[in-house]
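What follows is each chain in one-letter form.
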Amino acid sequence: MEIQNSVALITGGASGIGEICAKALARRGARVSICDIAPEGIERVVREIRETGGSAMGVCGDVVREADQARFVAETLQAFGKLNIVIPSAGIIRDGTVVTTDRETGKVVRKMSLEDWQRVIDVNLTGTFLTVREALEAMVNGGWEGILCLLSSINKEGQVGQINYSATKAAIALMPKILVGEFVIRRIRNVRVVAIAPGYVNTPILQGMNQEALAAILKDVPLGRLVEPHEIAACILHCIENDAINATTIEVTGGLVYARSRAK
Ligand SMILES: NC(=O)c1ccc[n+]([C@@H]2O[C@H](COP(=O)([O-])OP(=O)(O)OC[C@H]3O[C@@H](n4cnc5c(N)ncnc54)[C@H](O)[C@@H]3O)[C@@H](O)[C@H]2O)c1
């Protein structure tokens with residue numbers, strides 16, 4: 001599939017992996033739609049892409065809201081006339097153990113709040129579902145060649161302190177096979193689906209993590225550093241251009257293997 005002259009819709013496009021993917025696609029001649037909840041970030045990314053000669057537009061909205069997701073697609077189609085590449089990159093973390101105990105008494109002193117559980121499920125999982133659903137309707141009806149590039153995580157393996165986040169990323173890792181299986185049944189042949197499962201990537205989302213825990217994890221990463229967002233974007237661009245990649249989840253982790261940590 002050609003990136004030149006394609007149209008890409010990227011949720012979470014105002015920061016991190018989404019932003020770097022948007023810029024990489026725009027440099028290669030795609031027209032990009034930045035869909036995010038952060039108006040200042042949208043404005044900055046759209047401006048920076050235009051300043052370098054690229055074509056970009058922004059739509060502000062919340063991935064949790066059905067009406068906003070419909071608007072992401074409708075406004076993108078209105079401006080650019082088609083849709084080929086969809087990257088649902090909006091995501092959040094709200095880390096914590098399910099229960100926290102007092103070191104001396106061993107008794108539970110805090111529980112993960114329903115709000116921290118629910119917001120992560122809503123943004124990461126329901127948000128991805130709605131982006132996929134709304135974009136698919138347009139792509140199937142439009143008949144354009146296309147690909148959905150979902151964001152899972154190596155934490156699909158089950159990371160302690162992230163029961164909410166890991167649950168969403170495990171579910172997203174299953175989506176390529178489920179969706180492509182459905183496409184076979186429904187005779188949908190113009191859309192491929194892949195998920196990327198990054199390790200720890202150098203973006204603002206990591207500021208919400210326990211930094212000591214992050215440093216300890218990184219000691220076991222053969223790459224010896226955080227993965228850079230351009231390294232995730234490079235994999236996504238390859239998936240777009242390689243028609244043989246479909247119905248799979250690809251890890252880009254710098255070699256992070258949780259099984260080794262658990263064996264200690
Ligand atoms: N950075 C990592 O280490 C890492 C690793 C694995 C997977 N991921 C996944 O990659 C994706 C992008 O993460 P990132 O590192 O670029 O994070 P980031 O915080 O830099 O970017 C996330 C973007 O999502 C937007 N967003 C958040 N909630 C939203 C909502 N309700 N509606 C619309 N937009 C919303 C934010 O405004 C932000 O622009 C996420 O799904 C994340 O889980 C990141």
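See above for the structure.
Scope of this entry: the structure provided in the associated data block. Every chain begins its residue count from 1, and numbering advances along the sequence as written. Reporting of local features is limited, given that this is a predicted model, to residues whose pLDDT is at least 70; pairs of side-chain atoms are given and counted only at 80 or more, and all residues count toward the totals for whole chains, interfaces and linings.

It is worth spelling out the sheet that holds strand β4 (residues 85-88) at this point. With parallel pairing, seven strands are arranged side by side in an open sheet as β3-β2-β1-β4-β7-β8-β9. The open sheet has two edge strands, β3 (55-60) and β9 (248-252), and neither has a second partner. When the angles between neighbouring strand axes are averaged without regard to direction, this sheet yields 20°. We call two residues in contact whenever the C-beta atoms placed from their backbones are within 7 Å. An axis is simply a line fitted to the C-alpha atoms; with a helix, the fit covers only the stretch in contact. Between two such axes, the angle follows the N-to-C directions and lies from 0 to 180 degrees. A run of H or I in DSSP counts as a helix once it spans at least four residues, and a run of E counts as a strand once it spans at least two, with each numbered from the N terminus. Contacting β1 (7-11), β2 (31-36), β3, β4 and β7 (146-151), helix α1 (residues 16-27) crosses the sheet at an angle of about 170° to β1. Helix α5 (residues 163-186) rests against β7, β8 (191-198) and β9 of the sheet, and its axis sits at about 170° to β8. In this scheme, strands are said to pair when DSSP sees at least two bridges between them.

Here, nearness means that the C-beta atom of a residue, built from backbone geometry, sits within 6 Å of the molecule or strand in question. In the neighbourhood of the ligand, 29 residues make up the surrounding shell, with Gly12, Ser15, Gly16, Gly91 and Thr203 lying closest. Where the shell around the ligand is concerned, the elements lending two or more residues are α1 and α4 (114-142). Among the elements that line the shell around the ligand, the one with the most residues is α1, at three residues. Residues that form the shell around the ligand fall into these classes: 16 nonpolar, 11 polar and two charged. When residue character is reported, Ala, Val, Leu, Ile, Met, Phe, Trp, Tyr, Cys and Pro are called nonpolar, Asp, Glu, Lys and Arg charged, and the others, Gly included, polar.

That's the geometry; what it means functionally is another story.
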